[in-house]
Amino acid sequence: MPAQADRLERASPPKDSRKPFDSSAKKADIILRSSDSIDFFVLEPLLRIVSPVFEDMCSANQESNDRITVESKLPVMQVDESSGTLYHLLLLIYPYEKLLIQDGDLFLNVAAAVRKYQMFDVEKNLIGQLIGSPLLSNEPLRVYAKAISLGWKETAGLAAKATLSQDLQGMTYVEELEHITGMDLHHLIEYRFRCGSAASTTFEKVDPRELFEYGNLCYDENSYSREWQGYSANHILENLKARPLGSPVPTFDEHLEQTIASLHPIRYRHSDCTGRAQAVCRLLRALQELAAVAEKAVSKVIIISSSFNES
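Residues numbered from 1 in each chain as written. Predicted model: local features only at pLDDT ≥ 70, side-chain atom pairs only at ≥ 80, totals over all residues. Heavy atoms only, no water.

Here's the deal with the environment of Ala111
With respect to the helices and strands, Ala111 occurs in helix H5 (residues 104-116). The exposure class of Ala111 is buried, given its relative accessible area of 1%. Placed 16 residues apart in sequence, Ala111 and Ile127 show a C-alpha to C-alpha distance of 8.8 Å. Excluding its chain neighbours within four sequence positions, the residues that come into contact with Ala111 are Leu126, Leu150 and Trp152. (Helix = DSSP H or I, 4+ residues; strand = E, 2+ residues; numbered from the N terminus. Buried < 20%, exposed > 50% of the residue type's maximum accessible area, 1.4 Å probe, protein only. Contact = heavy atoms within 4.5 Å.)

Focus: the packing of aromatic side chains
Taken as a whole, this structure holds six aromatic pairs when the rule is applied. Taking the centre distance of 6.1 Å and the plane angle of 65° together, the rings of Phe21 and Tyr96 count as edge-to-face. One end of the pair, Phe21, is in the loop between strand S1 (15-16) and strand S2 (30-33); the other, Tyr96, is in the loop between helix H4 (83-93) and H5, and 75 residues separate them in sequence. Owing to a relative accessible area of 0%, Phe21 belongs among the buried residues under this scheme. Pairing Tyr94 with Tyr96 gives two aromatic rings, centres 5.4 Å apart and planes at 5°, and the pair type is stacked. Of the residues examined, Tyr94 reaches a relative accessible area of 8% and is grouped as buried. The side chain of Arg18 reaches across the aromatic face of Tyr87, ending 3.8 Å from its centre. (Phe/Tyr/Trp six-rings, centres within 6.5 Å; stacked < 30°, edge-to-face > 60°. Lys NZ or Arg CZ within 6 Å of the ring centre and 35° of its normal.)

Here it is, written out as structure tokens:
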């Protein structure tokens, strides 16, 4: 008995994948068996079309599978990927509804499989799924490193920009950094400094009177707006440099304006509490506008990558 057939018989019985790749799959003519013994019933011609690697594997599998049989009487081809990775990989190939991959590890595993099997058209769909995904904002450093290693220039740029909402010291080690060069990491850090400079330069050009109504609004500890002392010019400038796209700018809406404007001078002695409340609202609005202008300035900064320059 061939060694491959012997291993299949001695292993624990495989289970069917969930739909649409279970044993009820119509016209399936081959089984892909995952590393965790889950069987996927698929179309061999489709695999051959989307992947030259699968085409070679299927040809080789025909020779070695002559004596391997299962209940379905279909040939079995073992692959290295787990069932989770294989399931989402096949969804990208088939004309089924795509499931958004929100788990970082799973997405990176699928990306590695797509590249391994040279599914270049499928790779474009995967990149499109990533753009706008929570992964880009939640794990930007991992996405950046993976994009660099795969040559995804546009995605790497978006991921680099997404890192700007985090403090540099908060960006801890991720395994994907092992697959890029020190120069690539240097370019990311240098890009952050240039973005911080662009954002802070925008703030330095702003007329302080547009932000700080009523003179000492943010400084006078006896004023109504004592809680806004943190929004001094230096504080804003430091935050723009550290997080060009993530400075703590309060969310402004009409409800907030009405709430502050309706406050009465209970604890504070002011002749015009409503006026000062409205000044706070103008401060919030100005900070939002500043954030928008800073983002526009940052968007003009281009990240450089030695990996892309070499290609």
